[in-house]
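Observations on the three-dimensional arrangement
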Amino acid sequence: MDYNNSYNYKQQQISRNPGIAMATISMIFGLGSIITVFTVYLPLILGSLSILFAILSKGYGRKLLTGAKIGIGTAIGGMALVFTITFSLVGLILGSSREAMLDFGQQMDQQFEDQTGVSPEDILGESYEDIMKQYADLMGK
């Protein structure tokens, strides 16, 4: 006699949401996009993957899991921070005076030469100072 059949015993099956792993990955990538915000490229890559995994974790006809919502929020926040910082710096540089732009070009030339041992003119054909002069002339400064 079978013990389980005699008492109509049904084993409870653990129902696990199959999207939990992807929602967790989404959350980790979203947090990674905020942590790496000053690397410029990584937040864009991690943020995009975070949003992708959050959408894939949803499955068909279900609500978005909490981890996926956190992943989407942090991914959007990280990518928005990168765009804000980048546009602010570009606006700050291009909105400054001619002397400040030329100073910045000289500093970039010096830093490039210190890091690589080669002047930017040898690699790019012109120095950052010349590039900044062209921008200043173009903007009428």
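Thresholds, definitions, all that
- Residues numbered from 1 in each chain as written.
- Predicted model: local features only at pLDDT ≥ 70, side-chain atom pairs only at ≥ 80, totals over all residues.
- Heavy atoms only, no water.
- Phe/Tyr/Trp six-rings, centres within 6.5 Å; stacked < 30°, edge-to-face > 60°.
- Helix = DSSP H or I, 4+ residues; strand = E, 2+ residues; numbered from the N terminus.
- Buried < 20%, exposed > 50% of the residue type's maximum accessible area, 1.4 Å probe, protein only.
- Salt bridge = Lys/Arg side-chain N within 4 Å of Asp/Glu carboxyl O.
- Axes fitted to C-alpha atoms, helices over the stretch in contact; angles between N-to-C directions.
- Parallel < 35°, antiparallel > 145°, perpendicular 65-115°, else oblique.
- Left-handed = near helix turned anticlockwise from the far one by under 90°.
- Contact = heavy atoms within 4.5 Å.
- Nonpolar A, V, L, I, M, F, W, Y, C, P; charged D, E, K, R; others polar.
- 1 Å grid on protein atoms, 1.4 Å probe; cavity = no way out; pocket = protein on both sides within 12 Å on 5 of 7 lines; lining within 4 Å.
- Points joined across faces, edges and corners; volume = space filled by probe spheres on them.
- Patch = residues over 30% accessible without salt bridge, like charges linked within 9 Å, V, L, I, M, F, W, Y side chains within 5 Å.
- Areas by Shrake-Rupley, 256 points an atom, 1.4 Å probe, with all protein chains shown as cover.
- Lys, Arg positive; Asp, Glu negative; His and termini not counted.
- Charge placed at Lys NZ, Arg CZ, Asp CG, Glu CD.
- Expected span 1.5 Å × (residues − 1).
- Arc of directions from axis to C-beta.
- pLDDT = per-residue confidence, 0-100.

**Here we look at the packing of aromatic side chains**
Applying the stated criterion to the full structure yields three aromatic pairs. Ring centres of Phe112 and Tyr128 lie 6.2 Å apart, and the angle between their planes is 70°; on these two criteria the pair is classed as edge-to-face. Placement of Phe112 in helix α5 (residues 98-116) and of Tyr128 in helix α7 (residues 128-138) is noted, with a sequence separation of 16 residues between them. Note on Tyr128: relative accessible area 23%, which makes it partly exposed.

**Focus: the pattern of salt bridges**
If you walk through the whole model with that rule in mind, you get one salt bridge. Salt-bridge contacts for Arg98 lead to Asp137; the nearest nitrogen and oxygen are separated by 2.8 Å. Note that Arg98 is positioned in helix α5 and Asp137 in helix α7, a separation of 39 residues in sequence. According to the relative accessible area criterion, Arg98 is partly exposed, its value standing at 24%.

**Quick notes on the packing of α5 against α7**
Running from N to C, α5 and α7 point in directions that differ by 160°, and their axes come no closer than 7 Å. The angle between the axes of α5 and α7 places the two elements in the roughly antiparallel class. Considering only the axes of α5 and α7, their crossing is right-handed. Residues Arg98, Met101, Leu102, Phe104, Gly105, Gln106, Met108, Asp109 and Phe112 of α5 pack against Tyr128, Glu129, Met132, Lys133, Tyr135, Ala136 and Asp137 of α7. The class makeup of the residues in the contact of α5 with α7 is nine nonpolar, two polar and five charged.

**Overview of the layout of surface pockets**
Any space left empty among the atoms is revealed by the rolling of a water-sized probe across them. Quantified by volume, the largest pocket comes out at close to 270 Å³. In terms of lining residues, the largest pocket is bounded by Thr86, Leu89, Val90, Ile93, Leu94, Phe104, Met108, Tyr128, Ile131, Met132 and Tyr135. At the level of secondary structure, the elements contributing two or more residues to the lining of the largest pocket comprise α4 (66-94), α5 and α7. Here the element with the most residues in the lining of the largest pocket is α4; it accounts for five residues.

**Observations regarding a negative patch on the surface**
A surface patch of negative charge is lined by Glu113, Asp114, Glu121 and Asp122. Those elements that provide at least two residues to the negative patch are α5 and α6 (120-124). The exposure class of Glu121 is partly exposed, given its relative accessible area of 44%.

**Some details on helix α3 (residues 41-58)**
The end-to-end C-alpha distance of α3, which contains 18 residues, comes to 27 Å, matching closely the 26 Å that a straight helix rising 1.5 Å per residue would cover. Taken together, the buried positions of α3 are Pro43, Leu46, Gly47, Ser50, Ala54 and Ser57. Down the axis of α3, the buried set is contained in an arc of 105°. They therefore lie on one face. Those residues of α3 that are exposed and aimed more than 90 degrees away from the buried face are Tyr41 and Ile55. With its phi angle positive at about 75°, Gly59 sits one or two positions after the end of α3.

**Some thoughts on unusual backbone geometry**
Positive phi, normally seen in glycine, also occurs at Val40, with a value near 70°. With respect to the element layout, Val40 can be found in the loop between α2 (20-35) and α3.

**Describing the confidence of the model for the chain**
Summary statistics for the chain give a mean pLDDT of 86 and a share of 87% for residues scoring 70 or more. The spread of mean pLDDT over the elements of the chain runs between helix α1 (residues 3-6), the lowest at 54, and α2, the highest at 94.

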